[in-house]
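Below, each chain spelled out in residue letters.
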Amino acid sequence: MFDIGVNLTSSQFVRDRDEVVARARAAGVHGMLLTGTNRHESEEAQRLAERFEGCWSTAGVHPHDSSSWSPEVADAIYALVNKPEVVAVGECGLDFNRNFSTPAEQEIAFSAQLAMAAELGMPVFLHCRDAHERFLALLEPWLDHLPGAVLHCFTGTREEAQQCLDRA
């Protein structure tokens, strides 16, 4: 079994991170993809993936943290995605439900990360909450340039899910 969305960088695992990984292994999880959601957590996810056998990570900026997107953050994410443990760009996308970052900030960060993934030939780890139409509008031009995608967070309807699957 492979767990594709592990938030092992969360502060709730500070005291027992090794035990969490050991329990997952004992339960039959042989591989884990650790999720990067901002610069700091992407760096931490990469370090953990390097430390734990059978772990890989993503590097990116989650829609909630899109207000932090800057040339410096982009450079840091770019450096991370060139490390062997980092296998996807993200978690990136749009979240118009919570709007911890403005929709405009989210669109800038999402588009930049899609461009980065396309340039590097990397898959993307995606997030879409209450933003389906705009999400697809921004994603669609990049689909032919991306080797793959995982829609990690999705809150849409059955029809919207089918629209996503039709683009696979």
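Residues numbered from 1 in each chain as written. Predicted model: local features only at pLDDT ≥ 70, side-chain atom pairs only at ≥ 80, totals over all residues. Heavy atoms only, no water.

**Q** How should the layout of surface pockets be read in this particular structure?
**A** Gaps left between atoms show up when a probe the size of a water molecule is rolled over them. Reported here for the largest pocket is a volume of approximately 280 Å³. Lining the largest pocket are 15 residues, with A149, L151, C164, L165 and A168 positioned closest to its centre. Looking at the lining of the largest pocket, the elements that each hand over two or more residues are α5 (132-139), β6 (149-154) and α6 (158-166). With four residues, the top contributor of residues to the lining of the largest pocket is β6. Tallied by class, the residues present in the lining of the largest pocket amount to 13 nonpolar, one polar and one charged. (1 Å grid on protein atoms, 1.4 Å probe; cavity = no way out; pocket = protein on both sides within 12 Å on 5 of 7 lines; lining within 4 Å. Points joined across faces, edges and corners; volume = space filled by probe spheres on them. Helix = DSSP H or I, 4+ residues; strand = E, 2+ residues; numbered from the N terminus. Nonpolar A, V, L, I, M, F, W, Y, C, P; charged D, E, K, R; others polar.)

**Q** Whenever I open this one, unusual backbone geometry confuses me. Can you help?
**A** The phi torsion of most residues other than glycine is negative, and most of the peptide bonds are trans. Along the chain, G90 connects to E91 via a cis peptide bond; the corresponding omega equals 25°. When you line up the elements, E91 lands in strand β4 (residues 86-95). With phi around 50°, N99 is a residue other than glycine that occupies positive phi space. Within the secondary structure, N99 is located in the loop between β4 and α4 (103-120). N99 gets classed as partly exposed once you look at its relative accessible area, which sits at 34%. Positive phi, close to 55°, is recorded for D130, a residue that is not glycine. Relative to the helices and strands, D130 resides in the loop between β5 (124-129) and α5. (Buried < 20%, exposed > 50% of the residue type's maximum accessible area, 1.4 Å probe, protein only.)

**Q** How do you make sense of the environment of L48 when you look at a structure like this?
**A** When you line up the elements, L48 lands in helix α2 (residues 39-51). As a C-alpha pair, L48 and R17 span 31 residues in sequence and 9.7 Å in three-dimensional space. Ignoring anything within four residues of it in the chain, the contact list for L48 reads L8, T9, R17 and L34. (Contact = heavy atoms within 4.5 Å.)

**Q** Explain the packing of α2 against helix α3 (residues 71-81) here, please?
**A** Helix-helix packing: each pair is described by the crossing angle between the helix axes and the interaxial distance. Their axes nearest at 10 Å, the elements α2 and α3 cross at an angle of 15°. If you check the angle between α2 and α3, you find them roughly parallel. Both α2 and α3 take part in a crossing whose hand is left-handed. Contacts between α2 and α3 involve R39, S42, E43 and Q46 from the former and E72, V73, A76, I77 and L80 from the latter. (Axes fitted to C-alpha atoms, helices over the stretch in contact; angles between N-to-C directions. Parallel < 35°, antiparallel > 145°, perpendicular 65-115°, else oblique. Left-handed = near helix turned anticlockwise from the far one by under 90°.)

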